[in-house]
Protein chains: 2
Amino acid sequence: MPAIPARNTGAHVVYAELKRRILSLELKPGERIYEPAMATELQVSRTPLREAIRRLISENLLEQQPTGGVVVPVLDEAEISELYEVRAAVESLMARNACLKATPADLDELRGILARNAALVEFADDAMKQGMALHARIALIAGNSWAGRFHDQVSSQMERYRHYTNSTQRRRDQALAQHRALVEAIAAGDPEQAANMAFDHVMGARDAAVRAISGKNGAAS
Amino acid sequence: MPAIPARNTGAHVVYAELKRRILSLELKPGERIYEPAMATELQVSRTPLREAIRRLISENLLEQQPTGGVVVPVLDEAEISELYEVRAAVESLMARNACLKATPADLDELRGILARNAALVEFADDAMKQGMALHARIALIAGNSWAGRFHDQVSSQMERYRHYTNSTQRRRDQALAQHRALVEAIAAGDPEQAANMAFDHVMGARDAAVRAISGKNGAAS
DNA sequence: CTAAGCATACTTGTATACAACTATGCAGAG
DNA sequence: CTCTGCATAGTTGTATACAAGTATGCTTAG
């Protein structure tokens, strides 16, 4: 029982389910959504379904066609690079702010996450989750709710590209080292350096992702 | 006649009208929206109205209350600072990218905007519009559509705070000088410097806005 | 055989009716 | 007098019926 009961309306459930399917690629990019069929499948009427669809359109997780009708946006490889860049900009800001606001307790927390991260560096999925945990914690310390919101949106979008950007062991080691350096920069109280480290770290991830993709394409074609 | 017919459904019209009222503060912060009354006023049924409302909630221009019912979000002065920071991060990224991609023609375009801006520096409203035109052009040159989207959202939000942040003549002169320096940094092809100039420029605007607000409050209380 | 026009089926957009839920005020017990 | 419980009015959430628009395939003229 959450402190705030948190409205659990049908439209919300449908929204969550559709979002899950989109991010997991269960709903394939390019696929069109027909309201009556989907409503039947999800056991609701078209009204709450439409509400969920509209919301997903706002979040760029569905696309309205000029002719009327919605489709799952196609994956555009060039977009990955853009998303990483925006994430870099936002995380850079967060690192800067976190640096200015972090308490000793916050620093302990970050180092704790780092330690857990180090223990899991060889497992791709867990390592990624821990990495996200670190960034999430920094976001919290930074205390800029708008930055947090945009960061969440970008992260959701990137989720769809997960399959393209599988990390290598080498890349994970590098990321861990960069995370360590970032936390130490925050601890040192140098906001410029913290911002730069965060930016470069994410941009490094971007480059790795772009290479991974062009590699796959190059091999395939 | 636009090349793309651009679906003009009732829900879209309602969306635009509500957004206009929210941004202009015609709908006052804290005010609740009752669907039947608003639907009658806008001469549509509740269905398209609700669709518009949902979309505005997604964009954080309306707020859903836990109990059910939507209100116009209250203006929180602390939020202005957050919004400026996010804008700084995004514009900084855009400046960096624009620097890497700008063609000679692009540079001419930017300098042209600067010239028009200089001519209007004493008129607060026009100066602001020209300033936005410059940033919009840079966004276009940067060619990161996601950054552009987020930038638009932040700009919309800031619109609501316009009344608080009236610029002074001194501030406008300073902004013009910074814009000139930014364009020259882009022209010089130094992405780091361009990014830093854009960041510092917007952060300067943030500080001015924060001072203006605390000044008003200090004087009032 | 090709292409234009039309009829038809289907999809989305809107209105309205109904159900579930929330808040407010009053009555009555403590 | 205060607080609890309930009745009632009003609001939001959902379903369904209808209207408007879109695409598809057939028919027919060239």
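Criteria and cut-off values
- Residues numbered from 1 in each chain as written.
- Chains lettered and ligands numbered in written order.
- Predicted model: local features only at pLDDT ≥ 70, side-chain atom pairs only at ≥ 80, totals over all residues.
- Heavy atoms only, no water.
- pLDDT = per-residue confidence, 0-100.
- Contact = heavy atoms within 4.5 Å.
- Least-squares fit on C-alpha atoms with pLDDT ≥ 70 in both.
- Helix = DSSP H or I, 4+ residues; strand = E, 2+ residues; numbered from the N terminus.
- Near = heavy atom within 4 Å.
- Polar contact = N/O pair within 3.5 Å; in protein donor to acceptor, adjacent residues only side chain to side chain.
- Nonpolar A, V, L, I, M, F, W, Y, C, P; charged D, E, K, R; others polar.
- Core = buried A, V, L, I, M, F, W, Y, C linked by side-chain atoms within 4.5 Å.
- Buried < 20%, exposed > 50% of the residue type's maximum accessible area, 1.4 Å probe, protein only.
- Expected span 1.5 Å × (residues − 1).

## A short note on the confidence of the model for chain A
Of all residues in chain A, 94% attain a pLDDT of 70 or more, and the chain-wide mean is 90. A low-confidence stretch, residues 1-5 of chain A stays under pLDDT 50, and its non-local contacts, those more than four residues away or across chains, total 1 contact.

## Re the relation of the copies chain A and chain B
With an RMSD of 0.1 Å, the operation that places chain A on chain B is a rotation of 180 degrees combined with a shift of 0.0 Å along the axis. Such values leave the two copies arranged in the relation of a two-fold axis. Residue Ala89(A), judged by its C-alpha, is the member of chain A lying nearest the rotation axis, at 2.7 Å. Take the interface residues of chain A: 100% of them recur as interface residues in chain B, which is what a same-surface contact looks like.

## Points about the environment of Glu184(B)
By secondary structure assignment, the location of Glu184(B) is in helix α8 (residues 169-188). Distance in space between the C-alpha atoms of Glu184(B) and Gly112(B) is 13 Å, their sequence separation being 72 residues.

## Observations regarding the protein's contact with DNA strand C
Of all residues adjacent to DNA strand C, which total 20 residues, the nearest are Arg7(B), Thr9(B), Gly10(B), Ser45(B) and Thr47(B). Considering the 4 Å shell around the protein, atoms of DNA strand C inside it are sugar or phosphate in 65% of instances. Between a phosphate oxygen of DNA strand C and a side-chain N or O atom of Thr9(B), the distance comes to 2.7 Å. Take Gly10(B): an N or O atom from its main chain is 2.6 Å from a phosphate oxygen of DNA strand C. Where the surface near DNA strand C is concerned, the elements lending two or more residues are β1 (32-33), α2 (35-42) and α3 (46-58) of chain A together with α1 (10-23) and α3 (46-58) of chain B. When its residues are assigned to classes, the surface near DNA strand C shows 6 nonpolar, 7 polar and 7 charged.

## Let's talk about the protein's contact with DNA strand D
The local shell around DNA strand D holds 19 residues, among which Arg7(A), Thr9(A), Gly10(A), Thr47(A) and Arg50(B) are the closest. Across the atoms of DNA strand D situated within 4 Å of the protein, the share located in sugar and phosphate is 66%. For DNA strand D, a phosphate oxygen lies 2.7 Å from a polar atom in the side chain of Arg50(B). One of the side-chain N or O atoms of Arg54(B) is found 3.0 Å from a phosphate oxygen in DNA strand D. Elements with a contribution of two residues or more to the surface near DNA strand D: α1 (10-23) and α3 of chain A together with β1 (32-33), α2 (35-42) and α3 of chain B. The element best represented in the surface near DNA strand D is α3(B), accounting for 3 residues.

## Looking at the nonpolar core
By size, the foremost hydrophobic cluster in this structure holds 84 residues, and its most contacted members are Val86(A), Ile138(A), Ile186(A), Val86(B), Ile138(B) and Ile186(B). Ile138(B) has contacts with Met94(B), Ala95(B), Ala98(B), Leu110(B), Leu182(B) and Ile186(B), leaving out every residue within four places of it along the chain.

## Focus on α3(A)
Helical geometry: 3.6 residues make up each α-helical turn, so side chains three or four residues apart lie on a common side. Under the 1.5 Å per step criterion, the end-to-end length of α3(A) is 18 Å for 13 residues, consistent within 8% with the ideal 18 Å. Of the residues making up α3(A), those classed as buried are Pro48(A), Leu49(A), Glu51(A), Ala52(A), Ile53(A), Arg54(A), Leu56(A), Ile57(A) and Ser58(A). The inward-facing, buried residues of α3(A) contact α1, β1, α2, β2 (63-64) and β3 (70-71) of chain A together with α3 of chain B. Downstream of α3(A) by one or two residues, Asn60(A) has phi in the positive range, about 65 degrees.

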